[in-house]
Amino acid sequence: MNIRCTGLRKSFDGVIALGNISVQCPTGGITAIIGPNGAGKTTLLNILTGFLSPDAGRWFVGEREITGLPPYKVARMGLTRTFQDVRLISMVTVLENVMLARPDQTGEGLLHAILRIGVAGEEACNQREASRLLQFVGLEKQTNERAGTLSYGQQKLLTLACCLAAQPEILLLDEPLAGVHTDTAANILRLLQQIRQNGKTVVFVEHNIAAVREIADFVIVIDEGTVVAQGPPREVLNRPEILEAYVA
Amino acid sequence: MPDPQPHLGIYDLHTGYAKKEVLGGVTLDVLPGEVVALIGHNGAGKSTVLKAAFGMLPIWAGHVALQGSRINLPSPRIMLGHKVAYSPQGNRVFGELTVLHNLELGGLTLASKAELREGLARVLLLFPALRGRTKQRAGTLSGGERQMLSLAMALITSPRLLLLDEPSLGLAAPTTRKALDVIHALSSNQGVSVLIVEQKVREVLRIADRVFVLRNGRVSFSGKASALEDEARLRAVYL
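Note that the structure is predicted; figures quoted are calculated from it, not measured.

**Focus on the pattern of salt bridges**
Residues and elements named next belong to chain B.
Piece 1. The final tally for this structure, using the stated rule, is 14 salt bridges over all chains.
Piece 2. One salt bridge in this structure joins Glu-96 and Arg-137, with 3.6 Å as the shortest N-O distance. Taken as a pair, Glu-96 in the loop between β6 (84-87) and α3 (99-106) and Arg-137 in the loop between α4 (113-126) and α5 (143-155) lie far apart in primary sequence, 41 residues in all.
Piece 3. The exposed category is assigned to Glu-96, whose relative accessible area is 63%.
Piece 4. A salt bridge links Arg-122 to Glu-118; the shortest N-O distance between them is 3.3 Å. Residue Arg-122 and its partner Glu-118 are located together in helix α4, separated by four residues, close to a single helical turn.
Piece 5. Given the relative accessible area of 43%, Glu-118 is considered partly exposed.
Piece 6. Each member of the salt-bridge network shares a partner with another, and the members are Arg-177, Asp-181, Glu-203 and Arg-206.

Here is the structure:
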């Protein structure tokens, strides 16, 4: 499934954040969005995931228009995201954070929560799946620790596990490598490649250009709210003007 | 000539969260006007060192000293009184408030409006990207701009000792370089002492005088930053 948008515009208090952006992220690939601070990268992600309303424009997941849908409906369409800052429930365990991210749980309903009909079996299944995801991201040893006691890098890995628990077709990741140690960053890149192998579409905003070169299939460069270049990394990232302005 | 008294001394520091010990006896110091980098794996305890030194976490054992004087129960209020500023990880700003109001909050402990005005002028000069955005809500800034605002809030009181937790988080490469240059200039031109936690190791080593490497809550290496210029040496102590 791909994600695309057309004619997106957004300004904040008179400052133009996005000025008529139209992009398409290829299905089943890894797309990197790069650009200087304040270029509009996160604003684009916020709009696509329903966290922000644009002044104009439309956006789609596959053939379905998701313009104006609230975040929870966007998530149900198979599109999940992470944020630049880590957003976890710090007082509950690592395992519980992942279990809570699983969609359509029977126990979400008041009656089922009280009567617990069919809930126990489903929770056991959720727990198995959550444990599998924690193993996938390498946090199995932290399963029963409170999320708030994890290091920043571990919290980034946990947000990725929570994202995957929602069974998305498209993942939007806002600076997944920021603030993480080289080893953890390499681990996250390996996980993203595995996610791509599973047929998912990954879109990530990133300042780490070496990482973009390593795993991206497609690069979109945004500056001052407009797309200034897009294409395969070997083509886009080797342009002298791009190298000078955004990479050097 | 005897070594100068450290601006910040941390001695055999033990602390953690709930019952989990994160720091198991950390000793480090920052000399006046020096930039000291604290690097290491995620979870090594770097941010915990800064939090404990600033009084955001109780100290289980060991102690913190400023210019040779032991601080018995460090608290943010006490540390601010000693001209110590702390910029936490993750560009913590007040999203619902304007950039200007955030900066004014950063300068809350300043004695007069004149000092606040002077502080505002100075930080807006350091971070020109914020100049045209003083009336904009901080929550609508980009991540990098919020990071600059967070730094500016720490700098508005003209601190003599800066505790910085990943100031480059979310900054593009050219902006990272500029931000670290600003920090280096504060140290070399104004004598501000800096203890800086950073994952962009190559960048921070460029401006640091000395470096401490933390591993599992203990100092595993300390020395001159120039000692890690060699890639193989850096990999051996850091990776």
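**Regarding the packing of aromatic side chains**
All names here are of chain A.
Piece 1. The tally for this structure, following the rule as stated, stands at two aromatic pairs over all chains.
Piece 2. Taken together, a centroid distance of 5.1 Å and an interplanar angle of 90° make the contact between Phe-51 and Phe-83 edge-to-face. Taken together, the residues Phe-51 in the loop between α1 (41-48) and β4 (56-61) and Phe-83 in the loop between β6 (79-81) and α3 (94-101) connect sequence positions 32 residues apart.
Piece 3. For Phe-51, a relative accessible area of 42% corresponds to the partly exposed category.

**Some remarks on the nonpolar core**
Across soluble globular proteins, nonpolar side chains show a tendency to be buried alongside one another.
Piece 1. Core analysis: the largest hydrophobic core is formed by 48 residues, its most contacted members being Leu103(B), Leu149(B), Leu162(B), Val194(B) and Ile196(B).
Piece 2. Examining the composition of this core, we find that seven residues originate from one element, α5(B), more than from any other.
Piece 3. Membership of the second largest hydrophobic core comes to 46 residues, among which are Ile30(A), Leu150(A), Ile188(A) and Leu237(A).

**Remarks on a nonpolar patch on the surface**
Residue and element names in this part refer to chain B.
Piece 1. Judged by side-chain polarity, Phe-94, Leu-97, Leu-105 and Leu-108 come together as a nonpolar surface patch covering roughly 370 Å² of accessible area.
Piece 2. Mapped onto the secondary structure, Leu-97 falls in the loop between β6 and α3.
Piece 3. We classify Leu-97 as partly exposed; its relative accessible area is 31%.

**Some remarks on the environment of Ala130(A)**
Residue and element names in this part refer to chain A.
Piece 1. Here Ala-130 shows up in helix α5 (residues 119-137).
Piece 2. Spatially, the C-alpha atoms of Ala-130 and Leu-237 are 37 Å apart, while their sequence positions differ by 107 residues.
Piece 3. Residues contacting Ala-130, with those up to four places away along its chain left out, are Leu-95, Val-98 and Met-99.

**Description of helix α8 (residues 231-238) of chain B**
Because each turn of an α-helix spans 3.6 residues, side chains separated by three or four positions in sequence point in the same direction.
Piece 1. Where α8(B) is concerned, the buried positions are Leu234(B), Val237(B) and Tyr238(B). For α8(B), the buried positions fall inside an angular range of 85° around the axis, keeping them on one side. Pointing more than 90 degrees away from the buried face of α8(B) are the exposed residues Ala232(B) and Ala236(B).
Piece 2. Check the buried side of α8(B) and you find it contacts α7 (182-197) of chain A together with β3 (35-40), α7 (201-207), β9 (210-215) and β10 (218-224) of chain B.
Piece 3. The backbone nitrogen of Arg233(B) lies 3.0 Å from a side-chain oxygen of the residue at the head of α8(B), namely Asp230(B).

Cut-offs applied
- Residues numbered from 1 in each chain as written.
- Chains lettered and ligands numbered in written order.
- Predicted model: local features only at pLDDT ≥ 70, side-chain atom pairs only at ≥ 80, totals over all residues.
- Heavy atoms only, no water.
- Salt bridge = Lys/Arg side-chain N within 4 Å of Asp/Glu carboxyl O.
- Helix = DSSP H or I, 4+ residues; strand = E, 2+ residues; numbered from the N terminus.
- Buried < 20%, exposed > 50% of the residue type's maximum accessible area, 1.4 Å probe, protein only.
- Phe/Tyr/Trp six-rings, centres within 6.5 Å; stacked < 30°, edge-to-face > 60°.
- Core = buried A, V, L, I, M, F, W, Y, C linked by side-chain atoms within 4.5 Å.
- Patch = residues over 30% accessible without salt bridge, like charges linked within 9 Å, V, L, I, M, F, W, Y side chains within 5 Å.
- Areas by Shrake-Rupley, 256 points an atom, 1.4 Å probe, with all protein chains shown as cover.
- Contact = heavy atoms within 4.5 Å.
- Arc of directions from axis to C-beta.
- Polar contact = N/O pair within 3.5 Å; in protein donor to acceptor, adjacent residues only side chain to side chain.

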